[in-house]
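Listed below are the residues making up each chain.
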Amino acid sequence: MVVAVAVFGALIGLYISVWATQLPGAVTAPTSGSGSTKSANLTLETVAAVGPVYSPEHPDWVSYLVQSHGHWVHSTIFTLPAHSLVHVTIYQYDGDSGLRNPFLAEVEGTVGGVMTVDGKTMRAINPDDASHTFVVPQLGVFVPLVGVSSTAKNPCSYAPCGLSFDHHTITFTFRTGKKGRYRWQCFVPCAAGTLFDFGGPMQTLGYMDGFLDVV
Amino acid sequence: MSEPNHFRRLMLLWILASVIATPLVVVLLGPLLSPGTGSVQASGHQTDTTVLAGVATPVLLLVVLYLAYAVTFFRQEPGGVLEGPAIRSDARVQTWWIVITSTLVLALAAFGTVELVGDGAGAGEGPNPAFVPSGKKLQVQVIAQEWAFTYRYPSYGGIETPHLVIPVDTTIEFHVTSLDVIHSFWAYQLGVKADANPQVDNVAFVKPTKEESFSIRCSELCGIWHGYMFDTGHVVSPAAFQAWIKQQQAVFAPVVHDLPPYATTYAPEPSGRGS
């Protein structure tokens, strides 16, 4: 009896340990230059539903994807060089739902305090038009992502979404700091059907939040 | 050889140890106790903890010394009787024990209450604080959300910023609230801890007394990034504060017209996607 309980307990512990330490694989952003001119290019897309190819368990969950060697990868852990510029391009395919805190509609912490949306330079968006955000609190980087209009004619249902679908292209550049692990997250309540829409993909690594591994 | 008077010996030992240790605890350990002396309230916490430690020292010594004394002098001899004398109650000892411990606890309760009444002790006092420090105050609103704090300064156009900077020697009136789940605002070196509940205005007062940085943490388990919900605040001179707030007003000008009018609580929309 005692042995059975011990074995059962150990199995539960093992299951919890494996579950708690399961992380998506890190994707290294391609870099160019060296020393103080070193920079990295990080290309992301946001999708309303990640689809069964990338997430058989949660195909309906909203998610970020990252580009690696020309392919879209389901990961939110990105490896970036320290003390470098990071040029970010985000293809935004999801619709808008609005920010709970309108303050987060302003761009902050990027080079020049701006981003471009479809080529147009912007410092802030209408908070109601926000679909997601890309925020790295420890680096002071706050970027709101404007959503695709609800009247879009060709919205993308499941990832991966090609450029033929309705989308916005958002670009910005920020500078990394010293080496370390920095978390990033979306601040828009976009996890439909969960508590305050901040559950599910908002609280599971690999969807709407992750880490920047600055090395 | 006659049996020594164990009670007298133990009491002498205890008094001697207490006379030596209690001042050492108060003088040497006291200034090292948390949360430091970054504010009037933090200093109050440190004083309270020092008093508690000072009062607890003789009690701890009595217990430890009695244990050590008993182990040393009441040890059973090898080959001796297996059973000691029967334990009997002693009404006098019991009475003294009850009187002394009750007096200590009640005195500390009275002391703690007086300390709390003085300045609120940096604790969240709810929307209608009972203990309000006198004098002019600077209102700062702390807005918690999954997973970051932002701050509004209603007397400076209601601007919102992700940074907490406050002037030294000024009473700060924190209004702590949340936009979603329960969080808790903990400014460690300032001795401030106030729960951030949605739809609740939790008021806490603090008067920082020295220019320093202080750590801010959420102290209520609030989700996946709870452990990352930290920040560093700064206490600066009044002149530096004025310069900083002016700079923040300029930086966050593009979004200030989108902020809701300043209120003690918010019921933000959307409450969820599609709502």
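On a predicted model such as this, the values are computed, not experimentally measured, just so you know.

Definitions and cut-offs
- Residues numbered from 1 in each chain as written.
- Chains lettered and ligands numbered in written order.
- Predicted model: local features only at pLDDT ≥ 70, side-chain atom pairs only at ≥ 80, totals over all residues.
- Helix = DSSP H or I, 4+ residues; strand = E, 2+ residues; numbered from the N terminus.
- Rg over C-alpha atoms; globule rule 2.2 N^0.38 Å.
- Buried ≥ 20, exposed ≤ 12 C-beta atoms within 10 Å, placed from the backbone.
- Contact = placed C-beta atoms within 7 Å.
- Pairing = 2+ DSSP bridges.
- Axes fitted to C-alpha atoms, helices over the stretch in contact; angles between N-to-C directions.
- Nonpolar A, V, L, I, M, F, W, Y, C, P; charged D, E, K, R; others polar.
- Core = buried A, V, L, I, M, F, W, Y, C linked by C-beta atoms within 7 Å.
- Expected span 1.5 Å × (residues − 1).
- Domains from an automatic or database assignment.
- Parallel < 35°, antiparallel > 145°, perpendicular 65-115°, else oblique.
- Bend = angle between axes of the 7 residues up to and from the residue.

## As for the overall build of chain A
Turning to step 1, where the next piece is worked out: Secondary structure assignment for chain A yields two helices and 14 strands.
Turning to step 2, where the next piece is worked out: Against the compact-globule benchmark of 17 Å for 215 residues, chain A has a radius of gyration of 19 Å, which places it among compact chains.
Turning to step 3, where the next piece is worked out: Each principal axis of the C-alpha atoms in chain A carries an extent, and together these give about 70 × 45 × 35 Å.
Turning to step 4, where the next piece is worked out: Here chain A holds 215 residues, and the buried ones make up 46% of them.
Turning to step 5, where the next piece is worked out: Taking the intrachain contacts of chain A between residues at least 6 apart in sequence as the baseline, contacts between residues at least 24 apart amount to 69%.

## Topic: the overall build of chain B
Turning to step 1, where the next piece is worked out: From N to C terminus, chain B includes five helices and ten strands.
Turning to step 2, where the next piece is worked out: Its C-alpha radius of gyration of 27 Å places chain B more than 25% over the 19 Å reference for a compact globule of 275 residues.
Turning to step 3, where the next piece is worked out: Taking the principal axes of the C-alpha coordinates as reference, chain B spans close to 90 × 45 × 30 Å.
Turning to step 4, where the next piece is worked out: A total of 275 residues make up chain B; the buried ones form 27% of that total.
Turning to step 5, where the next piece is worked out: Expressed as a percentage of contacts within chain B between residues at least 6 apart in sequence, the contacts between residues at least 24 apart total 71%.

## Section: the sheet that holds strand β4 (residues 165–167) of chain B
Residues and elements named next belong to chain B.
Turning to step 1, where the next piece is worked out: Spatial ordering of the open sheet is given by β4-β10-β9-β6-β7, a layout of five strands whose pairing is mixed. The open sheet has two free edges, formed respectively by β4 and β7 (192–196), since each of these has just one partner strand. When the angles between neighbouring strand axes are averaged without regard to direction, this sheet yields 20°.
Turning to step 2, where the next piece is worked out: Across three bridges, β4 lies against strand β10 (residues 230–236) in parallel orientation.

## Points about the interface of chain A and chain B
Turning to step 1, where the next piece is worked out: Each partner contributes residues to the interface: chain A has 22 residues there, and chain B has 25 residues.
Turning to step 2, where the next piece is worked out: Class assignment of the residues belonging to the side of chain A that touches chain B gives a composition of eleven nonpolar, five polar and six charged.

## Focus on the nonpolar core
Turning to step 1, where the next piece is worked out: In terms of nonpolar packing, the biggest core is built from 100 residues, with V47 of chain A together with V142, F174, F185 and A204 of chain B touching the most fellow members.
Turning to step 2, where the next piece is worked out: With five residues, the top contributor of residues to this core is strand β11 (residues 141–146) of chain A.
Turning to step 3, where the next piece is worked out: The residues contacting V47 of chain A, other than those within four sequence positions of it, are S63, L65, Y93, D94, C156, A159 and C161 of chain A.

## Some words on the pairing of β7 of chain B
Residues and elements named next belong to chain B.
Turning to step 1, where the next piece is worked out: Most of β7 is tucked away, with five of its five residues classed as buried.
Turning to step 2, where the next piece is worked out: With five bridges joining them, strand β6 (residues 183–187) and β7 adopt antiparallel strand pairing. What sits directly across from F185, in β7, is A194.
Turning to step 3, where the next piece is worked out: Taken together, β6 and the strand that follows it, β7, pair antiparallel across an intervening segment of four residues, in which G191 is found at a positive phi of about 70°.

## Remarks on helix α3 (residues 91–119) of chain B
Residues and elements named next belong to chain B.
Turning to step 1, where the next piece is worked out: Here α3 is 29 residues long and its end C-alpha atoms lie 43 Å apart, about the 42 Å a rise of 1.5 Å per residue gives.
Turning to step 2, where the next piece is worked out: When you tally the buried positions in α3, you get zero out of 29 residues, a small fraction of the element.
Turning to step 3, where the next piece is worked out: Where α3 terminates, the next one or two residues include G120, which has phi positive at roughly 85°.

## Examining the domain arrangement of chain B
All names here are of chain B.
Turning to step 1, where the next piece is worked out: Looking at chain B, the domain boundaries give domain 1 (6–74 + 91–122) and domain 2 (137–256).
Turning to step 2, where the next piece is worked out: When each unit is reduced to the centre of its C-alpha atoms, the spacing between domain 1 and domain 2 is 35 Å.
Turning to step 3, where the next piece is worked out: On the side of domain 2, 15 residues touch domain 1, which itself brings twelve residues to the contact.
Turning to step 4, where the next piece is worked out: A total of four residues in the side of domain 1 that touches domain 2 trace back to one element, the largest contributor, which is helix α2 (residues 40–73).
Turning to step 5, where the next piece is worked out: Here the side of domain 1 that touches domain 2 is built from residues that sort into three nonpolar, eight polar and one charged.

## Digging into the packing of α2 of chain B against α3 of chain B
Residues and elements named next belong to chain B.
Turning to step 1, where the next piece is worked out: Packing of α2 against α3 leaves a shortest axis separation of 11 Å and a crossing angle of 175°. Of the possible angle classes, the one that applies to α2 and α3 is roughly antiparallel. On α3, the residues that touch V40, Q41, G44, D48, V51, L52 and V55 of α2 are L104, L108, F111, G112, E115 and D119.
Turning to step 2, where the next piece is worked out: Counted by class, the contact of α2 with α3 contains seven nonpolar, three polar and three charged residues.

## Topic: the environment of L62 of chain B
Turning to step 1, where the next piece is worked out: With respect to the element layout, L62 of chain B can be found in helix α2.
Turning to step 2, where the next piece is worked out: With 51 residues separating them along the chain, L62 of chain B and M11 of chain B place their C-alpha atoms 8.5 Å apart.

## As for the environment of V55 of chain B
Residue and element names in this part refer to chain B.
Turning to step 1, where the next piece is worked out: Structurally, V55 is set in helix α2.
Turning to step 2, where the next piece is worked out: On the neighbour-count criterion, V55 (18 C-beta atoms within 10 Å) is partly exposed.
Turning to step 3, where the next piece is worked out: Put simply, V55 and P198 are 143 residues apart on the chain and 40 Å apart in space, counted from C-alpha to C-alpha.
Turning to step 4, where the next piece is worked out: Not counting the four nearest positions on each side in its chain, V55 is found in contact with L104 and L108.

## Digging into α2 of chain B
What sets the pattern is the α-helix's 3.6 residues per turn: residues three or four places apart point alike.
Residues and elements named next belong to chain B.
Turning to step 1, where the next piece is worked out: The end-to-end C-alpha distance of α2 is 49 Å, a good match for the 50 Å that 34 residues give at a rise of 1.5 Å each.
Turning to step 2, where the next piece is worked out: The largest bend along α2 reaches roughly 30° and is located at A56, with the proline P58 sitting one to four residues downstream.
Turning to step 3, where the next piece is worked out: Those residues of α2 not exposed but buried are V40, Q41, A42, H45, Q46 and P58.
Turning to step 4, where the next piece is worked out: In this structure, the buried side of α2 is in contact with α1 (6–29), α3, β7 and β8 (202–206).

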